Amino acid sequence: DVKVTQSSRYLVKRTGEKVFLECVQDMDHENMFWYRQDPGLGLRLIYFSYDVKMKEKGDIPEGYSVSREKKERFSLILESASTNQTSMYLCASRRAGGDSETQYFGPGTRLLVL
Amino acid sequence: SQQGEEDPQALSIQEGENATMNCSYKTSINNLQWYRQNSGRGLVHLILIRSNEREKHSGRLRVTLDTSKKSSSLLITASRAADTASYFCATKVRGGSNYKLTFGKGTLLTVNP
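As the structure is a prediction and not an experimental result, all values here were calculated from the model. (Residues numbered from 1 in each chain as written. Chains lettered and ligands numbered in written order. Predicted model: local features only at pLDDT ≥ 70, side-chain atom pairs only at ≥ 80, totals over all residues. Heavy atoms only, no water.)

> Sorry, what's going on with the packing of aromatic side chains here?
The geometry of an aromatic ring pair is captured by two quantities: the separation of the ring centres and the angle between the planes. According to the stated counting rule, one finds 9 aromatic pairs over all chains in the structure shown. With 5.8 Å between their ring centres and 80° between their planes, Phe-105 of chain A and Tyr-35 of chain B make a pair best called edge-to-face. Of this pair, Phe-105 of chain A sits in strand β10 (residues 104-105) while Tyr-35 of chain B sits in strand β4 (residues 29-37), placing the two residues on different chains. Classification of Phe-105 of chain A as buried rests on a relative accessible area of 10%. When its relative accessible area of 0% is taken as the criterion, Tyr-35 of chain B is described as buried. (Phe/Tyr/Trp six-rings, centres within 6.5 Å; stacked < 30°, edge-to-face > 60°. Helix = DSSP H or I, 4+ residues; strand = E, 2+ residues; numbered from the N terminus. Buried < 20%, exposed > 50% of the residue type's maximum accessible area, 1.4 Å probe, protein only.)

Encoded structure:
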């Protein structure tokens, strides 16, 4: 059974803190993604990675950075958390190319920045 | 940028009824996918339809695609309370093997027992 796990379901941080959100997949997928989901705005892509040590900006990368040192792990970093980064964060992974185009999502991390 | 837009934003029906959700998109696509999200959880893939297909079935799900109108519909037949969730369409714009999906804002479906 395929699995994408996220380090925390709920997280409360203070403004200015450095925040790490971790995502691990056990499917040997090349592609990994970070989204944020806000009411009325749907899912918006923050960053994605096609392979180890490779990253590309999504639609809303400002205020975020990412790290992909190992194939199975994709980390989202909030360098200095702000209240407007309070959101639901979803990680996803997908095999590259071919017909295996299903994207698998983790359960999400609900982040509150005070 | 938002590629897919679901309609309606919210839908409330009785158990046993059919539910239809629509998705419109702006640019040519390679395929279109539908995902479901139960409250506070991650998204789960339901079905994929390719640009050269017009209709696809999976259990109680029926998806249609009209590329001339740039629209798709998801029909859930004989709905159950457990179908209560948000439903998202996602589009893959024509491109290589490494690509990103663009998700709509979703339709919130409530199935009343």
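> What's the story with the interface of chain B and chain A in this structure? I'm lost.
When the parts of a complex come together, some accessible area is lost, and that lost area is often used as the size of the interface. The partner chain A presents 26 residues to the 23 residues of chain B that form the contact. In this assembly, chain B packs against chain A so that about 2,000 Å² is buried in total across both faces, 46% of it on carbon and sulfur atoms. Run the count over chain B and chain A and you get 1 salt bridge. Here Lys-100 of chain B makes a salt bridge to Asp-59 of chain A, at a shortest N to O gap of 3.5 Å. Inspection of the region where chain B meets chain A yields 4 residue pairs in polar contact (both at pLDDT 80 or more). Only β4, β5 (43-50), β9 (85-93) and β10 (101-103) of chain B provide two or more residues apiece to the side of chain B that touches chain A. Residue composition of the side of chain B that touches chain A, grouped by class: 7 nonpolar, 11 polar and 5 charged. (Contact = heavy atoms within 4.5 Å. Buried area = accessible area lost by both parts, 1.4 Å probe. Salt bridge = Lys/Arg side-chain N within 4 Å of Asp/Glu carboxyl O. Polar contact = N/O pair within 3.5 Å; in protein donor to acceptor, adjacent residues only side chain to side chain. Nonpolar A, V, L, I, M, F, W, Y, C, P; charged D, E, K, R; others polar.)

> In this structure, what is going on with the pattern of salt bridges? I would like to understand it.
Close approach of charged atoms lets side chains of opposite charge pair. All told, the structure shown has 11 salt bridges over all chains when counted by the stated rule. For the salt bridge of Arg-44 of chain A with Asp-38 of chain A, the shortest nitrogen-to-oxygen distance reads 2.9 Å. Taking the relative accessible area as the measure of exposure, Arg-44 of chain A reaches 23% and is therefore partly exposed. Looking at Asp-38 of chain A, the relative accessible area reads 11%, which means it is buried. In this structure, the salt-bridge partner of Glu-55 of chain B is Arg-62 of chain B, at a minimum N-O distance of 3.2 Å.

> What is the right way to read a nonpolar patch on the surface from this model?
Taken together, Val-12, Leu-112 and Leu-114 of chain A make up a surface patch of nonpolar side chains, about 260 Å² in accessible area. Structurally, the position occupied by Leu-114 of chain A is in the segment after β11 (109-113). (Patch = residues over 30% accessible without salt bridge, like charges linked within 9 Å, V, L, I, M, F, W, Y side chains within 5 Å. Areas by Shrake-Rupley, 256 points an atom, 1.4 Å probe, with all protein chains shown as cover.)

> Would you mind going over the state of the cysteines with me for this structure?
Here is the idea: a disulfide is a covalent bond, and it sits between the sulfur atoms of two cysteines. All names here are of chain A. All told, the structure shown has 2 disulfides over all chains when counted by the stated rule. What pairs with Cys-23 in a disulfide is Cys-91, and their sulfur atoms sit 1.9 Å apart. A torsion of -75° about the S-S bond marks the disulfide between Cys-23 and Cys-91 as left-handed. With Cys-23 in strand β3 (residues 19-25) and Cys-91 in strand β9 (residues 87-94), the pair connects residues that are 68 residues apart, well separated along the chain. By relative accessible area, Cys-23 is classed as buried at 0%. (Disulfide = S-S within 2.5 Å.)

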